[in-house]
Amino acid sequence: MDYRSIILLEARQFLRGRTILVVLVSVFILGCYGLYHGRQVRDHQETVISAIPTIEQEHTAKNISYNAGKPVGGPLYYQYFYTTNPPTPWAAFAIGQRDVNPYHLKVKMLAIEGQLYDTDLSNPVTLLAGNLDVAFVFVFLLPLVMIVFCYNTLSGEEESGVWKIVRSMPISPVRLLAMKLAVRFLTLLVLAVFLFFTAHVWLGLPVGLTSLYMGLVLFLYLLCWFSIIAWVITWQRSSGMNAVILVSIWIGLTILLPGLANTLLNSAIPVPESFETTVAQRQGYHEKWDRPVMETMERFYQVYPQYRNYPFSKDTFSYAWYYAMQLQGDEAAVHSSKTLFDKLGQRQLWANRVGYLLPTINAQQQLNHLARTDLADHISYLTAVKDYHREVREYFYPYIFRHQVTEQADWLHMPVFRPKVFAAVTLPYSSLLSLFVFTIVCGGLGWRRSRRLFVQGS
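Residues numbered from 1 in each chain as written. Predicted model: local features only at pLDDT ≥ 70, side-chain atom pairs only at ≥ 80, totals over all residues. Heavy atoms only, no water.

### Considering the environment of Arg-42
Within the secondary structure layout, Arg-42 lies in helix 2 (residues 18-66). A C-alpha to C-alpha distance of 6.5 Å links Arg-42 and Ala-91, two positions 49 residues apart in sequence. Look past the residues within four positions of Arg-42 in its chain and what remains in contact with it is Pro-87, Thr-88, Pro-89, Ala-92, Leu-203 and Leu-205. In this structure the side chain of Arg-42 is engaged in a polar contact, spanning 3.0 Å, whose partner is the backbone oxygen of Pro-89. (Helix = DSSP H or I, 4+ residues; strand = E, 2+ residues; numbered from the N terminus. Contact = heavy atoms within 4.5 Å. Polar contact = N/O pair within 3.5 Å; in protein donor to acceptor, adjacent residues only side chain to side chain.)

### Overview of the pairing of strand 2 (residues 104-107)
Here strand 2 shows a buried face lined by Leu-105 and Val-107 and an unburied face lined by His-104 and Lys-106. Pairing geometry for strand 1 (residues 81-84) and strand 2, over 4 bridges, is antiparallel. Counterpart to Thr-83 in the pairing with strand 2 is Leu-105. (Buried < 20%, exposed > 50% of the residue type's maximum accessible area, 1.4 Å probe, protein only. Pairing = 2+ DSSP bridges.)

### A closer look at the pattern of salt bridges
Here the structure, examined in full by the defined rule, presents 10 salt bridges. The closest approach of N and O atoms between Arg-308 and Glu-298, which form a salt bridge, is 3.3 Å. Within this pair, whereas Arg-308 is found in the loop between helix 12 (293-303) and helix 13 (319-332), its partner Glu-298 is found in helix 12, the two being separated by 10 residues in sequence. On the accessibility criterion, Glu-298 (32% relative accessible area) is partly exposed. The partner of Arg-390 in a salt bridge is Asp-387, with the nearest N and O atoms 3.4 Å apart. Here Arg-390 pairs with Asp-387, and both are found in helix 16 (residues 375-401), just 3 residues apart, close to one helical turn. Residue Asp-387 is classed as partly exposed on the basis of its relative accessible area of 36%. Through salt bridges with shared partners, one network takes in Glu-10, Glu-157, Lys-180 and Arg-184. (Salt bridge = Lys/Arg side-chain N within 4 Å of Asp/Glu carboxyl O.)

### A word on the packing of helix 2 against helix 8 (residues 173-203)
It is at 10 Å that the axes of helix 2 and helix 8 come closest, and there the two elements cross at 25 degrees. It follows that helix 2 is roughly parallel to helix 8 by the angle criterion. Relative to helix 8, helix 2 is oriented so that their crossing is right-handed. Between helix 2 and helix 8, the residues in contact are Leu-24, Val-27, Phe-28, Gly-31, Cys-32, Leu-35, Tyr-36, Arg-39 and Arg-42 and Thr-187, Leu-191, Phe-194, Leu-195, Thr-198, Ala-199, Trp-202 and Leu-203, respectively. Classifying every residue of the contact of helix 2 with helix 8 gives 12 nonpolar, 3 polar and 2 charged. (Axes fitted to C-alpha atoms, helices over the stretch in contact; angles between N-to-C directions. Parallel < 35°, antiparallel > 145°, perpendicular 65-115°, else oblique. Left-handed = near helix turned anticlockwise from the far one by under 90°. Nonpolar A, V, L, I, M, F, W, Y, C, P; charged D, E, K, R; others polar.)

### Brief notes about helix 11 (residues 273-286)
The terminal C-alpha atoms of helix 11 lie 19 Å apart, and with 14 residues this matches the ideal 20 Å at 1.5 Å per residue to within 8%. Of all the residues in helix 11, the buried ones are Glu-273, Thr-277, Gln-281, Gly-284 and Tyr-285. In an axial view of helix 11, the angular spread of the buried residues amounts to 100 degrees, which keeps them on one side of the axis. Taken together, the buried residues of helix 11 touch helix 13 and helix 14 (334-355). (Expected span 1.5 Å × (residues − 1). Arc of directions from axis to C-beta.)

Spelled out as structure tokens, the structure:
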């Protein structure tokens, strides 16, 4: 019997089992639910974002109408300036942190630091359970299915006595074991490819480099798990023990070690600045009410000297002084805010490094990165909001310092937030190399172990 006939016979016997069919259908249904849920989240965010321009226009029109004839500083106190962080099409595939981080913010001309961290209320029970997107199915469920398929590939036949008969045949037992595992891996790979293709159709994902890179990450990730499983089953344990060992490895790589890594990162890089920034901003602003007016204005003139020559009353309330106080609230928090962003960047950097040692973290982070749903994307959005806030302030300062009324301001041409243009994705070399090394090392150990068992031991 040639190898092709053996593979076909093994595939027929493997797929004939009703349990296998039930598992494949169940995982595909879960994957479809993940696609449905991911699309629901993405569509909801796109619906909210699409309604924002109309809301902003209506809000601005009412604000101008209500404050007609009043100094422009008054309506600016109530005026919201809307910003958005639209999801990419791939956000439905890997939701990442878009369910916990705000994807739209409305800010005023007041101090910005106190407005960056507002977010919609969410059901904490839902957040605790997390999202079952299709990335979750690929990263967490498919390795578990692979364990179910492969844990007794060798031990089951040894326990039934079939393997002794197989070894008496004129065929290499190492190659035969490799073919049996290959049938199981290819079965899972066909399911993964079919689910990946379904995702493109259902979610309307563009075919391009992102598809290619995601496909590479997922293929190497599944191959990595396959090599781990192949290595373990050559340890010649019983089927029950193989199942316990493999499930323990799965729990360790998907739950325990990522949780431990997260705890260590939080301890090693604490971010008390998230609270300090808010306190420093509020204190930096509120203490100015008790300080001399000209002290506040002199500090403002150091940043914007072009407004020094505008007439200014020190004895009555002035919106110029009020917004100068707001600016100094931000300046009081500039150090802690920069430190906060730097530390968040360090956490992301170290999480990437930890991912090189943990395939599960590695794959999940790369999917989130390619889908633009990770922490780096959120930090980039907050930075863009701060830049936009400065643009708005500097646009309206001349109207405030000239003591103009609401109708005299050019509201039609006020700055509009432009969501960032997504840069082209790059091949995640380091992550792919890490998964490849894992695969080679575990696969090599499994091959060496099987050679010892079936060649040297024969």
